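Topology and contacts: notes
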Amino acid sequence: MKKILALLALTVSVSFTASAQQDPKATKILDQMSAKYQAMKAFKASFTQTLENQTAKVKENISGDIIVSGPKFRLKLNGQEVINNGQTMWTYMKSENEVNISDYDPDDQEISPSQIYTLYKKGYKYAYAGESVEGGVPCDVIELSPEDHNNQIYKVRLNVSKKDKSVKSWKMFKKNGNRYTFAIKKFEPNVPTDASTFNFDKARYKGVKVIDLR
């Protein structure tokens, strides 16, 4: 389960105000970006993730989809589904037709995909790092670094569209040499959701083996 969560970078959800020591230009951009996404009832994104490790000579690409509503999310990635209703998490593995159930504790997870847009608000320092172009879109680049030196992530680089303050891509740097790059391929704001979106319905998975880890 943690492997799946670690693939989706960025997070530590909270709503505290950034401290005055932060780069004011970066703060303005991040606040505009965060407000944009938090104003949506729900959104859906399709993305491509690239894992690179130069030392191990590894480069892997996978695609996924995620629906997010507040702290809730439903992620499909590489033959697995991770469903979180804010209290309970289901991790379904298609090849084994098996689902693991656990209590959801955001503090116990390295990464939580529903919290990417509030990452900067607690536990990270950040600064404006220049400009880039992502898929033909001019972007501002913001670099964040964790205040906790024991964090296995030592840097996160966000590319935010200058025009509409949407996140176009981000890259996570880890101490073990892994680099995770996430590029948004398609984005749908305010998608319709209901209770079934963020809960696992056993009836829809014929013969599924249920392992309750709570």
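Being a predicted model, the structure only gives us computed values, none of them experimental.

1. Things to note about unusual backbone geometry
- For Lys57, which is not a glycine, the phi torsion comes out positive at approximately 55°.
- Residues other than glycine seldom take positive phi values, yet Asn78 does so here, at roughly 55°.
- As for its placement among the helices and strands, Asn78 is situated in the loop between β3 (72-77) and β4 (80-84).
- Residue classification places Asn78 among the exposed residues on the basis of a relative accessible area of 56%.

2. Concerning helix α2 (residues 24-38)
- Relative to the 21 Å expected for 15 residues at 1.5 Å per residue, α2 spans 21 Å between its end C-alpha atoms, a close match to the ideal helical length.
- When we look at burial in α2, the residues that qualify are Ala26, Thr27, Ile29, Leu30, Met33, Ser34 and Tyr37. Viewed end-on, α2 has its buried residues packed into an arc of 170°, placing them on one side of the element. The outward face of α2, more than 90 degrees from its buried face, is lined by the exposed residues Pro24 and Lys28.

3. A closer look at the sheet that holds strand β11 (residues 179-189)
- One open sheet accounts for twelve strands, arranged β7-β8-β9-β10-β11-β1-β2-β3-β4-β5-β6-β12; its pairing is mixed. The open sheet has two edge strands, β7 (124-134) and β12 (209-212), and neither has a second partner. The average angle at which neighbouring strand axes cross in this sheet is 20°, direction not considered.
- The pairing of β7 with strand β8 (residues 137-146) spans ten bridges and is classified as antiparallel. Opposite Tyr126, over in β8, you have Leu144 as the bridge partner.
- Together, β1 (43-53), β7, β8, β9 (153-161), β10 (167-174) and β11 form the strand contacts of α2, whose direction differs from that of β7 by roughly 80°.

4. Some thoughts on the packing of aromatic side chains
- Across all of its chains, the model carries eleven aromatic pairs by this definition.
- Centre to centre, the rings of Phe43 and Tyr117 are 5.6 Å apart; their planes meet at 70°, and the pair counts as edge-to-face. Highlighted residues: Phe43 in strand β1 and Tyr117 in the loop between β6 (98-103) and β7, separated in sequence by 74 residues. Note on accessibility: Phe43 and Tyr117 belong to one class, buried.
- Plain terms: the ring middles of Trp170 and Phe182 are 5.1 Å apart, the flat faces sit at 20° to each other, and that makes the pair stacked. In this pair, Trp170 sits in strand β10 while Phe182 sits in strand β11, placing the two residues twelve residues apart along the sequence. Taken as a pair, Trp170 and Phe182 share a single burial class, namely buried.

5. Some points on the pattern of salt bridges
- Considering all chains together, one arrives at five salt bridges under this definition.
- The closest approach of N and O atoms between Lys162 and Asp140, which form a salt bridge, is 2.8 Å. Of this pair, Lys162 sits in the loop between β9 and β10 while Asp140 sits in strand β8; the two residues are 22 residues apart in sequence, bridging distant segments of the chain.
- A relative accessible area of 34% places Lys162 in the partly exposed class.
- On the accessibility criterion, Asp140 (5% relative accessible area) is buried.
- One salt bridge in this structure joins Asp212 and Arg214, with 2.7 Å as the shortest N-O distance.
- Judged by its relative accessible area of 52%, Arg214 is exposed.
- What you see here is one network of salt bridges that share partners, running through Glu131, Asp140 and Lys162.

6. Section: the environment of Asn150
- Summarising the element assignment, Asn150 is placed in the loop between β8 and β9.
- Residue classification places Asn150 among the exposed residues on the basis of a relative accessible area of 64%.
- Once the C-alpha coordinates of Asn150 and Lys175 are considered, the two residues, 25 residues apart in sequence, prove to be 9.9 Å apart.

7. What to know about the confidence of the model for the protein chain
- A residue-level look at the protein chain finds 86% of positions with pLDDT of 70 or above and a mean pLDDT of 86.
- Every residue in residues 2-20 is under pLDDT 50, and counting partners more than four places away or in other chains gives 59 contacts.

Conventions used here
- Residues numbered from 1 in each chain as written.
- Predicted model: local features only at pLDDT ≥ 70, side-chain atom pairs only at ≥ 80, totals over all residues.
- Heavy atoms only, no water.
- Helix = DSSP H or I, 4+ residues; strand = E, 2+ residues; numbered from the N terminus.
- Buried < 20%, exposed > 50% of the residue type's maximum accessible area, 1.4 Å probe, protein only.
- Expected span 1.5 Å × (residues − 1).
- Arc of directions from axis to C-beta.
- Pairing = 2+ DSSP bridges.
- Axes fitted to C-alpha atoms, helices over the stretch in contact; angles between N-to-C directions.
- Contact = heavy atoms within 4.5 Å.
- Phe/Tyr/Trp six-rings, centres within 6.5 Å; stacked < 30°, edge-to-face > 60°.
- Salt bridge = Lys/Arg side-chain N within 4 Å of Asp/Glu carboxyl O.
- pLDDT = per-residue confidence, 0-100.

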